[in-house]
Amino acid sequence: MANTLVQFRTEESARVKAVQICEKLGIDLQTYLRMCMTRLVQENGIPFSMNVSDIAENKAVRAMKAASRIAEQNGISDMTLDEINAEIEAVRK
């Protein structure tokens, strides 16, 4: 089946909020819109609701965000993998 491009205009603030919500749900905005269209057609109507408040934040995601904040605060957020491994080796010696 051939793919087609669907475009529409929306306020930037609404788009930004939608992207943030999708990120919390672990998907991107394009995936969400494809899901909506697929389900709309399958159900012949709006079949579901998804609320961020219903989803507990994943512990691993929370830990990675904390690690990123710490790295940023310490000026090491742009280290390469080789630099990180060198730091680990230096500490182990």
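In this report, we go over the structure that sits alongside the text. Because the structure is predicted, anything quoted here is derived from the model rather than measured.

### Points about helix α3 (residues 59-73)
With 15 residues, α3 should cover 21 Å at 1.5 Å per step; its first-to-last C-alpha distance of 21 Å lies within 8% of that length. Two residues or fewer after α3 comes Gly75, characterised by a positive phi angle close to 70°.

### So, helix α2 (residues 29-43)
Counted at 1.5 Å a residue, the expected span for α2 with its 15 residues is 21 Å, and the 21 Å between its end C-alpha atoms agrees. Remark: Asn44 follows α2 within two positions and exhibits a positive phi of approximately 55°.

### Notes on the layout of surface pockets
Quantified by volume, the largest pocket comes out at close to 810 Å³. Taken together, 19 residues make up the lining of the largest pocket; nearest its centre are Val6, Gln30, Leu33, Arg34 and Met37. For the lining of the largest pocket, the secondary structure elements donating two or more residues are α1 (12-25) and α2. Split into classes, the residues belonging to the lining of the largest pocket amount to 11 nonpolar, 6 polar and 2 charged.

### Remarks on the pattern of salt bridges
The tally for this structure, following the rule as stated, stands at 3 salt bridges. The salt bridge partner of Glu43 is Arg39, with a shortest N-O separation of 3.8 Å. Of the two residues, Glu43 and Arg39 both sit in helix α2, 4 residues apart, roughly one turn of that helix. Since its relative accessible area comes to 32%, Arg39 is described here as partly exposed.

Basis of the calculations
- Residues numbered from 1 in each chain as written.
- Predicted model: local features only at pLDDT ≥ 70, side-chain atom pairs only at ≥ 80, totals over all residues.
- Heavy atoms only, no water.
- Helix = DSSP H or I, 4+ residues; strand = E, 2+ residues; numbered from the N terminus.
- Expected span 1.5 Å × (residues − 1).
- 1 Å grid on protein atoms, 1.4 Å probe; cavity = no way out; pocket = protein on both sides within 12 Å on 5 of 7 lines; lining within 4 Å.
- Points joined across faces, edges and corners; volume = space filled by probe spheres on them.
- Nonpolar A, V, L, I, M, F, W, Y, C, P; charged D, E, K, R; others polar.
- Salt bridge = Lys/Arg side-chain N within 4 Å of Asp/Glu carboxyl O.
- Buried < 20%, exposed > 50% of the residue type's maximum accessible area, 1.4 Å probe, protein only.

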